[in-house]
Amino acid sequence: MKALNQPESWWGWHGYSHPQPLSITEIMQAETMTPRVAALLWLAMERGASMVLAADPPGAGKTTILTALLAFTKPEASVYFTRGWGETFRLPPPPRNGDAPTYLMINEISDHLPVYSWGPYVQRAFELMTEGYSLLSTMHADTVEGVIEQLTDENDVPPSHVGHLSFVVPLFVGVRDGKRVRRVSEIAALEPLGGSYDRHTVARWDAASDTFEVLRTPAAINAAARCVGMEDEELLQAVSTREQFLDRLLRDSITEIDDVQREVLQFGGYDVAE
């Protein structure tokens, strides 16, 4: 991917050095998500879908996971890092149909720090999504409803604009069997519907069994397919192929970020320099 500007406080202000980046393989090894969940998120990134990762506590791994998912963007994609208060959104023209996506990278939608985005800056970012740009960001919320409530009630984002946020991915962070764990608790697909939005759960974590249900119903399949611009069967085949690929990365313990990136590029048919 191509950076249109330099990131500023992408990892936020923690008062210490930023967390150690992880590869998607390491995140799967920690059981935060399964290869099938990761395959669906991969396809979303590859197809230029917008996404927010959310978790309530700080240090939950939102930015770490979102950064790992950048490995799945196409090399032709562009990213623009917003700078919080005072952001001017000096962007190139929006991509046209068939062009690689341009992602607005908002480190966090929050009023906690000047480097984060809130209020009119969030409203403008969602306006830009209606013009063809894509958005990647994080938020402090533990449910899809919590994300949407912050956007509409606290940032005055119109419900019709919320529908352009293709996927909302809240995380569970807690303790199981005496160990701190993280899990993708849900993937919700959103799309515009009249003057509002439609919402479907396309993946869900079952806490009792510690298992994931992904694309288990025709409605979930169709909603996810619409959000990435594919037919239902095409989506299922693409997810299955990527799931098998990610299973292999796990089996072969391919965990280094550069190695994972090289494997993903080769999977996509890109020439990779040794």
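Criteria and cut-off values
Residues numbered from 1 in each chain as written. Predicted model: local features only at pLDDT ≥ 70, side-chain atom pairs only at ≥ 80, totals over all residues. Heavy atoms only, no water. pLDDT = per-residue confidence, 0-100. Contact = heavy atoms within 4.5 Å. Helix = DSSP H or I, 4+ residues; strand = E, 2+ residues; numbered from the N terminus. Buried < 20%, exposed > 50% of the residue type's maximum accessible area, 1.4 Å probe, protein only. Phe/Tyr/Trp six-rings, centres within 6.5 Å; stacked < 30°, edge-to-face > 60°. Lys NZ or Arg CZ within 6 Å of the ring centre and 35° of its normal. Salt bridge = Lys/Arg side-chain N within 4 Å of Asp/Glu carboxyl O.

We now examine the confidence of the model for the chain. Across the chain, pLDDT averages 93, with 95% of residues at or above 70. When the criterion is pLDDT under 50, residues 13-17 qualifies, and its contacts beyond four places in sequence or with other chains add up to four contacts.

Its identity is not glycine, yet Asp210 carries a phi of approximately 55°, on the positive side. Position of Asp210 relative to the elements: it lies in the loop between β9 (196-206) and β10 (211-214). Classification of Asp210 by relative accessible area gives partly exposed; the value is 25%. Positive phi is not limited to glycine here, since Ser253 has a value of about 55°. A relative accessible area of 47% places Ser253 in the partly exposed class.

Here Pro7 is to be found in the loop between β1 (2-3) and α1 (24-29). It is 21 Å that separates the C-alpha atoms of Pro7 and Gly119, two residues lying 112 residues apart in sequence.

Quick look at the packing of aromatic side chains now. Inspection of the entire model under this criterion finds five aromatic pairs. On the numbers, 5.3 Å between centres and 70° between planes, the contact of Trp42 with Phe245 is edge-to-face. Taken as a pair, Trp42 in helix α2 (residues 35-46) and Phe245 in helix α8 (residues 232-251) lie far apart in primary sequence, 203 residues in all. Phe245 shares its class with Trp42; the two are buried. In this structure an aromatic cluster arises from ring pairing among Trp42, Phe72, Phe245 and Phe267. Here the basic side chain of Arg242 rests over the ring of Trp42, its NZ or CZ set 5.5 Å away from the ring centre.

Turning our eyes to something else, we now look at the pattern of salt bridges. Evaluation of the coordinates by the stated rule reveals twelve salt bridges. Two residues, Arg183 and Glu31, come together in a salt bridge whose shortest N-O distance is 3.4 Å. With Arg183 in strand β7 (residues 179-184) and Glu31 in the loop between α1 and α2, this pair connects stretches of sequence that are 152 residues apart. For Glu31, a relative accessible area of 46% translates into the label partly exposed. A salt bridge links Glu46 to Arg242; the shortest N-O distance between them is 3.0 Å. Linking Glu46 in helix α2 with Arg242 in helix α8, this pair joins segments that are 196 residues apart in sequence. Across the pair, exposure class does not vary: Glu46 and Arg242 are buried alike. Each member of the salt-bridge network shares a partner with another, and the members are Glu31, Arg183 and Asp210.

Turning our attention to the environment of Ala60. Following the sequence through the fold, Ala60 ends up in the loop between β2 (51-54) and α3 (62-69). Sequence-wise, Ala60 and Val162 are 102 residues apart; in three dimensions their C-alpha atoms are separated by 24 Å. The contacts of Ala60, once residues within four sequence positions are left out, are Ala55, Leu171, Val173 and Arg182.

Moving on to helix α5 (residues 144-154). Where α5 is concerned, the buried positions are Val144, Gly146, Val147, Ile148, Gln150, Leu151 and Thr152. Just beyond α5, the residue with positive phi is Asp156, at close to 55°.

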